[in-house]
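Spelled out from the first residue to the last, the chains are:
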Amino acid sequence: MKTAVCPGSFDPITTGHLDIITRAAGLFDRVIVLISVNAAKKTSFTLEERADLARKAVAHLPNVEVDFFSGLLVDYVEKQSADAIVRGLRAMSDFEYEFQMALANKKLNPRAETVFLSTAAENMYVSSSLVRQIASFGGSISGLVPECIEDAIRTRFAQE
Ligand code: PNS
């Protein structure tokens, strides 16, 4: 049984994330979408809210579960005896940051292997920050986030 952890801020989960998760679910027996804390980011949604949105988005994928964790990623990976960390790569600009994280995680735990999946071309420009920016100005986020969570995100930003 091969387990992968897909960590990220997921603030909120986007169609780009969902594409990577769906493809990881085809490669691994079990995939855990891990809503994690990125100390460099201030988020709009709480860990629990982000996990709820992600749970709705992956409900149709039987081998995918969602969890949240506020500690070190490698500790979670160890606790789950996971085989890989899966991250999506959009462009070369992502590479330096991703490579640094993969190396740091490997230094912290030599068992932590990171697997990169390239984003689908149509999602190259999609990001959580883009979604937040558009939603905060009342613009359409259709196609940028999974359809089943569009209303929840729109409503949340309308309240601010
Ligand atoms: O979606 P993001 O913000 O690019 O994801 C980054 C994330 C959350 C995966 C990373 O910040 C992380 O792993 N946070 C957990 C704490 C940790 O282990 N930090 C050291 C990573 S080298």
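> Which residues make up the site of the ligand, and what are the values?
Around the ligand lies a shell of 15 residues, among which Ser9, Asn38, Lys41, Leu73 and Tyr97 are the nearest. Between an oxygen atom of the ligand and a side-chain N or O atom of asparagine 38, the distance comes to 2.9 Å. Contact with the protein chains removes 83% of the 530 Å² of surface that the ligand exposes when unbound. Elements supplying a minimum of two residues to the shell around the ligand: β1 (3-8) and α4 (92-108).

> Please set out the environment of serine 36 residue by residue, giving values where relevant.
Mapped onto the secondary structure, serine 36 falls in strand β2 (residues 30-36). With 21 residues separating them along the chain, serine 36 and alanine 57 place their C-alpha atoms 17 Å apart. For serine 36, the residues in contact, after removing those within four places along its chain, are Pro7, Gly8, Ser9, Leu47, Arg50 and Phe69. Of the polar contacts made by the side chain of serine 36, one reaches the backbone oxygen of leucine 34; its length is 3.1 Å.

Parameters and conventions
Residue positions within a chain follow its written sequence, with the count starting from 1. Where totals are concerned, whole chains, interfaces and linings use all residues; where local detail is concerned, this predicted model gives features only for residues with pLDDT of at least 70, and gives and counts side-chain atom pairs only at 80 or more. For side-chain calculations, the full set of non-hydrogen atoms in the structure is used, while hydrogens and water are omitted. Any residue with a heavy atom positioned within 4 Å of a molecule or strand is treated as near that molecule or strand. We call two N or O atoms a polar contact when they sit within 3.5 Å, provided that within protein one can donate a hydrogen and the other can accept it, with sequence-adjacent residues counted only if both atoms are side-chain atoms. Per-residue and other accessible areas were derived by the Shrake-Rupley procedure at a 1.4 Å probe size, with only the shown protein chains allowed to occlude residues. Strands here are runs of E lasting at least two residues and helices are runs of H or I lasting at least four, both read from the DSSP assignment and numbered beginning at the N terminus. Residue contacts follow a heavy-atom distance rule, with two residues in contact if any of their heavy atoms lie within 4.5 Å.

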